[in-house]
Amino acid sequence: MKAYDETDLALSFQALGADYDVRVPILLSDGTRSLGRLEEGKMALAGGKLGAKPTSVFFPQMDLVFQQKGTNVRMQAPPSKPLMVVGLTAQDADCLAFLDRFFSTNFKDDLYRQKRMNSAVVVLSGKCGRDGEMLRLSSGNCDLELVFDGDRYLALAHSQTGKAMAEKMKGGLETDEISLGRLQRESKALPDDELKLLQRASSLLLDNKVPEDFWVDISNRCIACTACNLACPTCNCFDVFDWKCGDSCVNRYRLWDSCQLDGFMREASGHNPMGTEALRTRRRIHHKLAADVIRWGQMGCFLCGRCDEVCPTGIGIKAVSREMVEKYG
Amino acid sequence: MKRVLTTCTYCGVGCGFYLVSNDEGQLVGVEASREHPVAQGQLCVKGWNAFQFVQHPDRLKQPLIRRNGQLSPAFWDESMKTIAGRLKEIQRKHGNDSIAFFASAKTSNEENYLMMKLARAVFKTNNVDHCARLCHASTVVGLAQMFGSGAMTNSISCVEQADCILVIGSNTTEQHPLIGSRIVKAVRKGAKLIVADNRKIRLARLAGLHIRHRNGTDVALLNSMMNVIIREGLENKEFIADRTEKYEEFRKVVEKYPPEKGASICGVTAEEIVQAARIYAQAKNAMIVYSMGITQHTHGVDNVRSCGNLAMLTGNYGRPGVGVNPLRGQNNVQGACDMGALPNVFSGYQAVTDAAIRQKFEKAWGVEGLPDTPGLAVTTALDAAAEGKLKALYIMGENPMMSDPDQNHVRKALENLEFLAVQDIFETPTTQLAHVVLPATSWAEKDGTFTSTERRVQRIRTAIEPVGESRPDWRILCDVAMLAGYGGMKYDSPKEILDEVASVTPSYGGITFERIGQFGLQWPCPNKEHAGTPILHVGKFTRGKGVFAAVDYRPSVELPDDEYPYVLSTGRIYFHYHTGTMTRRSKLLDREERFPFVEVNENDARRLKIRDRQWVCVSTRRGEVKAQARVADVVPPGVLFMPFHFEEGAANVLTINALDPEAKIPEFKVCAAAIRSTP
Amino acid sequence: MSITVEKQADLKDPQEALYRPLLCKMVSVKELTPTEKLFRLERLDGRPFGHRPGQFVQVSIPGIGEAPISVSSSPSRGSYLELGVRRTGVLTGALHEMIQPGDVIGFRGPFGTYFDVDAMKGRDLILISGGCGLAPMRALIQYIEDHRDQYGKVTILYGAKSPIDILYKDELAQWVTSTQLNCQYTVDDVPEGTCWDANVGLITQLIPPLDIDPARSLAVIVGPPIMYRFVLQELKKKNLPINQIIVSLERYMKCGVGKCGHCTIEHLYCCMDGPVFWLNDVINLAGAL
């Protein structure tokens, strides 16, 4: 296997730019790291997960569905080059797999899938978290994984696409797998108390042990900013709207929506099945920890921690789960 | 993809975030700025959706000129010449003060500075004002007199350092969400929260004490609290002795307000007042947060003074977690005031009546004979127009038809003008009355600075190309000045304008684009080495000693009677912003509240046989509007609350044009109204 | 209820444009009540819509948007689609005001589950609808009329707010006089001065007098949210088991294909797993009824 330093990787990503529209973590002007093209900013691989919803590459906040001129409907064209996304964490890759399945099961969402198909996903793991913190290694659900050993990134190809990419990469030193083994052991030894907490919260919800009062209390602290939904890599809800783009020309867009809003389920008649703040707060947590378990066989939260970070009042899914478990066991 | 760091265009909290645009130059989203000191990677629902209205198809894309009664498309050249020509002509015919200029709390500091320069240097009138008149004029007058500075004394970060927070007349989680969220967090960490507001706002649910005093009785409530504090010896004697003056006069007035008297005026119990007084006075660090529930009264300045008194009485100034903190409503209402878009002061609150100051500006601007008497305010200018004394009005980014009291009066005033020019980003009820309408760019299409409620001067940056033929307000103003024959308003960029501001404005003396950088600078910042001032009045007040103000309770002008038995209070809601021009063109925000509504207490509704979400008719002596009833216990019996964002159910058809004698702010919070169901 | 879950997403196979509206022509518009109209649509290519009673379509008007509308006609009546639409929101308002016969509009679908007419075979049927609920119920009634010999006793109960709100008045009159059907209807309230000689009162009052054999009966309920609880109480008194009751639930579906999330009921998507449910699949889900 090969180990790369950042210079090698920058050159490699540049080379892969021939086949892909490459997005890497770049440093924005205030120090925020975000996905961008190599020429848009300084590459910043290390630093842990990206703040914004990482799956937005395939499912953007606002996206054109189609343009209709008269009776002629032109759907959004697929990207001219497939996307290559560098910088997901192992948790993010799990989220992406969850979203992939969601958008591909039963009806297939072509807007998502035309961006996702043939794309390449590169996970960063190992000691490249904030201040060198150890990030969990992926379960292999990505094309390529770059495992940072504190000095270099070990390249692990997990798919045919990943192997093809690895072949086109520049530089790198041939290295043994000892260091990888050590990192794998370290990754396995990472604490899993958060996962246990979440699983406990999930069982409480599935067993119907959380009373209405709990949700009233949490919802009193919710200011309906919707950030939990907008930052969540597995949230998929959207609304649709039309904008005129000239005489008899209309663009239809879709836009991230949030189940924390009163209008999310309100019907034109005024009836609202989620008409109280408590019901909406419950839905946010219950959907990920119970409904998804019933429907998909797994929780819809992979503990990326984004909703806890973006929530202005501290009621992200981890915080709420903690309170729930403290109160009800 | 392109990401540009900018400052939110909605409220005065001043959150930073990135505007995201795609390869086609279309705004497609917002990303948080994780390092921004105010936002810290968080935003409210308006912030997350702030990109939505910018490229809305309704944007004004070319100038319009009224021809044969109809507004029709025109060229820039012709439109600009018409404006300059008509203004000059009216100036010649009717004198300098026959023209007024409305600057805008939505536009940048640079643009507000230019508007006031245009009014004063080019047209030689002090008739320049903006909508701060309608929100915090009382604050600017009241706090400046008492302490020498009419702004938030502390910083937003101080909220989480307070041991007690008194929120009076502010629905903070809705109007200043990222300050409200800090209050929520402070309460979780153990801070005591007192909410004085007769609506059951979200914070009231978390408050240890919720006082639902009658609308407009704040002076009585605060005087009674202070009566208790003095009676129980909880005042900070050392602070009073060292740092204040006129205490005795003040004490004598407060003596007249024992809690029983306050209770009977306010419609609360004396125990509640005593409790509030003790909680506030006994806290190590107690902070007052207020907003328009305090200011929008005919006794708005007195309300502000009472807040100032309370904090002085207990020594809560000049350190983290304390102070008197008026939350400014609009993104740049602080800045528009700072820039002197006010009838009595130049930038940095330098009085027009001061000859030395006038001389300084005459020299800096290369003009002579700057006017020396304060001009007309937004409210009084419209009165003058209605009376035919004001002939022309130039409005930049304001919508008085929706924002000012008594819409029929405003319409009459605007229709009475010989000439009305309006520049805005969307068509509004105000542009519909204009002779010339100019398409301006939004905040996403230009550079400049906004000053937030915590006096933080921050950058906005160009994220996308201008929509249609729209131009930034600063360019338009420069061109008008040039066409009007003034050569002193030529700039290549807003950066140069801010440099000029710094050169004539002591509190902005050290503020430049470079120094603002990513996260801004808080004024006063007198020189290039100064790091800014997060907390005012440390050690001593800006004016030296703080002055206690002895104020008596005065009832509101129009109280309920048999014909109009309800108190109507107006305000804003979380999802909409001001006159709704932007939020109502944002999909999710508009979806949340699509109709004008009026909050009615459930007991009143039962008696009136009004169901939730039923259409009702609300009327006052000024007019009537239709709105959907929201039946709940948010307002107490006898009170109605209406947001003013909706053109089709404009609350300001109903409001009364009664002004505070000093601040000229209208009494938006109290008038007498009736309600009935519509067939 | 079976939900098919794939273990992993297949990101290779091609797909259709899920959100592309197809075009259809407005053939006729008929006023049903002051707030409701019946729209008849035909596909431009003349092909049938392929719908079954109980399903809905997403109607699309460019510049206005889309809204889910349940189909009111049975495929056994022809290749057209009839939509009984109450004017409530933006799109239904535009349908009422802007669209004329001859206009071309967009549609997607039909979507959703349908009334299980096979499971109903040989059964006595109690078809209960309130208000707009008669719109999808009409499709089922038409279907049953056209296959009348396959079903046992058929009882139709319908409740409207007031006489002026009664939908499909002509057909209702036919059902009432038909010897093949037992149809009764009622109104909640009769405004003063209205001529009215039929039932007055809530729809629940029509249930107790019915002679129901719980062993061979099957009930279908479609109506406003408030109606379900009270109707179910009455059916319980008749000992009708919950696995012999079908309900159709209303939600504001945006996409119609289980993606936008607006119509979820716990783990179910009303647009895809519904709108027609067996009662025992949803009765214990929070917020379902």
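No experiment lies behind these values; they were computed from the predicted model shown.

Basis of the calculations
- Residues numbered from 1 in each chain as written.
- Chains lettered and ligands numbered in written order.
- Predicted model: local features only at pLDDT ≥ 70, side-chain atom pairs only at ≥ 80, totals over all residues.
- Heavy atoms only, no water.
- Helix = DSSP H or I, 4+ residues; strand = E, 2+ residues; numbered from the N terminus.
- Buried < 20%, exposed > 50% of the residue type's maximum accessible area, 1.4 Å probe, protein only.
- Areas by Shrake-Rupley, 256 points an atom, 1.4 Å probe, with all protein chains shown as cover.
- Rg over C-alpha atoms; globule rule 2.2 N^0.38 Å.
- Contact = heavy atoms within 4.5 Å.
- Lys, Arg positive; Asp, Glu negative; His and termini not counted.
- Charge placed at Lys NZ, Arg CZ, Asp CG, Glu CD.
- Disulfide = S-S within 2.5 Å.
- Pairing = 2+ DSSP bridges.
- Axes fitted to C-alpha atoms, helices over the stretch in contact; angles between N-to-C directions.
- Phe/Tyr/Trp six-rings, centres within 6.5 Å; stacked < 30°, edge-to-face > 60°.
- Lys NZ or Arg CZ within 6 Å of the ring centre and 35° of its normal.
- pLDDT = per-residue confidence, 0-100.
- Buried area = accessible area lost by both parts, 1.4 Å probe.
- Salt bridge = Lys/Arg side-chain N within 4 Å of Asp/Glu carboxyl O.

Engineer: Before we go on, may I ask you to explain the overall build of chain B in this structure?
Structural biologist: Counting its regular elements, chain B contains 25 helices and 28 strands. Across its three principal axes, chain B shows a C-alpha extent of roughly 70 × 65 × 55 Å. By residue count, 69% of the 679 residues in chain B fall in the buried class. Element-wise, carbon and sulfur atoms account for 49% of the exposed surface of chain B, whose accessible area totals about 21,000 Å².

Engineer: Looking at this structure, I do not really get the overall build of chain A. What am I missing?
Structural biologist: When helices and strands are tallied, chain A shows 11 helices and 13 strands. Taken over the C-alpha trace, chain A has a radius of gyration of 21 Å; the compact-globule value for 329 residues is 20 Å, and the two agree within 12%. Dimensions of chain A, computed from C-alpha atoms along their principal axes, come out at roughly 65 × 60 × 40 Å. Counting all 329 residues of chain A, 64% fall into the buried class. Taking contacts inside chain A between residues at least 6 apart in sequence as the whole, the part at least 24 apart equals 66%. Carbon and sulfur atoms make up 51% of the accessible area of chain A, which totals about 12,000 Å². A gap of 3 Å separates the mean positions of the 43 positive and 44 negative side-chain charges of chain A.

Engineer: When you look at the state of the cysteines in this model, what are you seeing that I'm missing?
Structural biologist: Throughout this description, disulfide means a covalent bond between two cysteine sulfur atoms. One pass over the structure, following the stated rule, counts one disulfide over all chains. Here C245(A) is linked by a disulfide to C249(A), with a sulfur-sulfur distance of 2.1 Å. Because the torsion about its S-S bond is -80 degrees, the bridge between C245(A) and C249(A) counts as left-handed. Among the cysteines around C301(A), which has no disulfide bond, C307(A) carries the closest sulfur, lying 6.3 Å off. With a relative accessible area of 13%, C301(A) lands in the buried category. As a non-bridged cysteine, C266(B) has C307(B) as the owner of its nearest cysteine sulfur, 13 Å distant.

Engineer: Whenever I open this one, the sheet that holds strand β8 (residues 154-160) of chain C confuses me. Can you help?
Structural biologist: All names here are of chain C. Reading across the sheet, the seven strands line up as β10-β9-β8-β7-β11-β12-β15 and stay open at both edges, with mixed pairing between neighbours. On the outer flanks of this sheet lie β10 (199-200) and β15 (276-278), each paired with one strand and no other. Of the strand pairs in this sheet, strand β7 (residues 124-130) and β8 are connected by six bridges, and their pairing is parallel. Bridge pairing links I126 to T155 in β8. Set on the sheet, helix α3 (residues 169-177) makes contact with β8 and β9 (182-187); between it and β9 the angle comes to about 130 degrees.

Engineer: Honestly, the sheet that holds strand β13 (residues 323-326) of chain B in this entry has me stumped. Any pointers?
Structural biologist: The strands making up a sheet associate through backbone hydrogen bonding, with each pair oriented either parallel or antiparallel. All names here are of chain B. Reading across from one edge, β10-β9-β8-β12-β13 is the order of the five strands in this open sheet, with parallel pairing throughout. The two strands at the open ends of the sheet, each matched to only one other strand, are β10 (209-211) and β13. Averaged over all neighbouring strand pairs, the angle between strand axes comes to 15 degrees, with direction disregarded. In the sheet, strand β8 (residues 164-168) pairs with strand β9 (residues 192-196) via five bridges, with the strands oriented parallel.

Engineer: Would you mind going over the packing of aromatic side chains with me for this structure?
Structural biologist: Remark: the centre distance and the inter-plane angle together describe each pair of aromatic rings, the angle taken between the planes. Taken as a whole and assessed by the stated rule, the structure comprises 43 aromatic pairs over all chains. Measuring from centroid to centroid gives 4.5 Å for F250(B) and F548(B), while their planes differ by 20 degrees, and the two rings are stacked. Of this pair, F250(B) sits in helix α11 (residues 247-255) while F548(B) sits in the loop between β22 (546-547) and β23 (566-571), and the two are 298 residues apart along the sequence. Residue class for F250(B) comes out buried when judged on its relative accessible area of 0%. Residue F548(B) is classed as buried on the basis of its relative accessible area of 3%. An aromatic cluster is defined as three or more aromatic residues linked by ring pairs; in this entry it consists of F58(A), F59(A), F98(A), F102(A), F103(A), Y112(A), F238(A), W256(A), W296(A), F302(A), Y19(C) and Y269(C). Sitting over the ring of F238(A), R254(A) keeps its end group 4.6 Å from the ring centre.

Engineer: Can you walk me through the confidence of the model for chain B in this structure?
Structural biologist: Parts of the prediction with low pLDDT should not have their coordinates interpreted in detail. In the predicted model, chain B carries a mean pLDDT of 97, and the fraction of residues at 70 or more is 100%. For this predicted complex, the interface confidence reaches an ipTM of 0.96, while the overall pTM sits at 0.96.

Engineer: Hey, could you run me through the interface of chain A and chain C in this one?
Structural biologist: Where interface size is quoted, it is often the accessible area lost as the parts come together. Taken residue by residue, the interface counts 46 residues in chain A and 51 residues in chain C. With both chains or domains summed, chain A and chain C bury close to 4,400 Å², and 57% of this area falls on carbon and sulfur atoms. The largest per-residue losses of area from chain A upon contact with chain C belong to F107(A), F238(A) and R295(A), which jointly make up 16% of the total buried on that side. Remark: the boundary between chain A and chain C carries four salt bridges. A salt bridge links E66(C) to R252(A), with the nearest nitrogen and oxygen atoms 3.5 Å apart.

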